Amino acid sequence: MREGPRLIVLGRQGAGKGTQCAMLAERLGVPHLSTGDLLRAETKAGTPLGRTAARYMDAGSLVPDDLVIDLVASRLGARDARARGYLLDGFPRTLHQGQALFEVLGADAADVAVEIDVPVEVALPRLAARRVCESCDVMASGDPTANGAARCHRCGGALVRRHDDNEDAIARRLAVFDEQSGPLLRWLAGEGLLVTVDGSGQPEEVHKRVMAGLRGRLPRALVDGDATAGGSR
Ligand code: AMP
């Protein structure tokens, strides 16, 4: 029996990557691993890695490759983590990270890399409007304060602007994506792993496009059916 599916999801900030990853992880029944979340957890816990990472994150820069690669390798090195499959959200982000992933985990480190593509004009207002829960870090999409729902839907915590969602850091992160992730995307395309999906519109529409893009890349029962039943609908 083949091990669980291994996916990479990429996209500039504001593409809806986090939302799509949560939907996909649930649909496919695979663990969702977000390097942004892992780094924020380290920062919250005040670890040495968290303190170093915070300096880069607050400025909208990438955390150095070696730190992020070690963090991911320690999570994915465990055999059970690999056996269940994984959905990597926000990693790799540079060509070096992408190549390191395959060096550490082998040639089948990823079955497919999905790029959620939105133009900067669509990403910018989404980033300016997004809020996260202060207590459990869950992301609220759109502008929840605009329609009166100013509390987290999961735990009732206060919704706040993410620490690094200020104008300077947003502009920097968008520029960094083009610079750093361009070579990575070209490399993934050359390896035959890249599927690019239009990320504009509502999350459900984008999710349908993502699932259509996965057809032929993942086992059919997983894409067309219920992951838990393993059958087709
Ligand atoms: P995200 O939650 O994916 O938007 O990531 C937030 C911030 O965490 C980024 O702006 C980076 O500073 C840092 N970060 C997350 N993933 C990576 C990565 N793979 N490489 C370097 N920095 C990262």
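Summary of the structure given here. (Residues numbered from 1 in each chain as written. Predicted model: local features only at pLDDT ≥ 70, side-chain atom pairs only at ≥ 80, totals over all residues. Heavy atoms only, no water.)

Here the bond from F91 into P92 is cis, since omega is -5°, no more than 30 degrees from zero. Along the chain, P92 turns up in the loop between β3 (86-89) and α6 (95-105). (Helix = DSSP H or I, 4+ residues; strand = E, 2+ residues; numbered from the N terminus.)

This next bit is on the site of the ligand. Near the ligand you find 18 residues, and of these T35, S61, G90, R93 and Q97 are the closest. Note that an oxygen atom of the ligand is positioned 2.6 Å from one of the backbone N or O atoms of S61. Interatomic distance of 2.8 Å between a backbone N/O atom of G90 and a nitrogen atom of the ligand. Bound to the protein, the ligand loses 97% of the 480 Å² it would expose on its own. No other element matches the four residues that helix α2 (residues 35-45) contributes to the shell around the ligand. Residue composition of the shell around the ligand, by class: six nonpolar, six polar and six charged. (Near = heavy atom within 4 Å. Polar contact = N/O pair within 3.5 Å; in protein donor to acceptor, adjacent residues only side chain to side chain. Areas by Shrake-Rupley, 256 points an atom, 1.4 Å probe, with all protein chains shown as cover. Nonpolar A, V, L, I, M, F, W, Y, C, P; charged D, E, K, R; others polar.)

What follows covers helix α9 (residues 203-214). For α9, with twelve residues, the first-to-last C-alpha span of 16 Å sits near the 16 Å given by 1.5 Å per residue. Among the residues making up α9, those that are buried are V206, H207, V210, M211, G213 and L214. Down the axis of α9, the buried set is contained in an arc of 155°. They therefore lie on one face. One or two positions beyond α9, positive phi appears at G216, with a value near 90°. (Expected span 1.5 Å × (residues − 1). Buried < 20%, exposed > 50% of the residue type's maximum accessible area, 1.4 Å probe, protein only. Arc of directions from axis to C-beta.)

Tallying each qualifying case throughout the model produces ten salt bridges. A salt bridge links D37 to R40; the shortest N-O distance between them is 2.8 Å. With D37 and R40 both in helix α2, this residue pair falls three residues apart, about one helical turn. Across the pair R130 and D165 runs a salt bridge whose closest N-O atoms are separated by 2.8 Å. One end of the pair, R130, is in the loop between α7 (120-129) and β5 (131-133); the other, D165, is in the loop between β7 (159-160) and α8 (167-190), with 35 residues separating them in the sequence. Overall, the relative accessible area of 14% leaves R130 in the buried class. Salt bridges here are not isolated pairs; linked through shared partners, they connect R130, D165 and R173. (Salt bridge = Lys/Arg side-chain N within 4 Å of Asp/Glu carboxyl O.)

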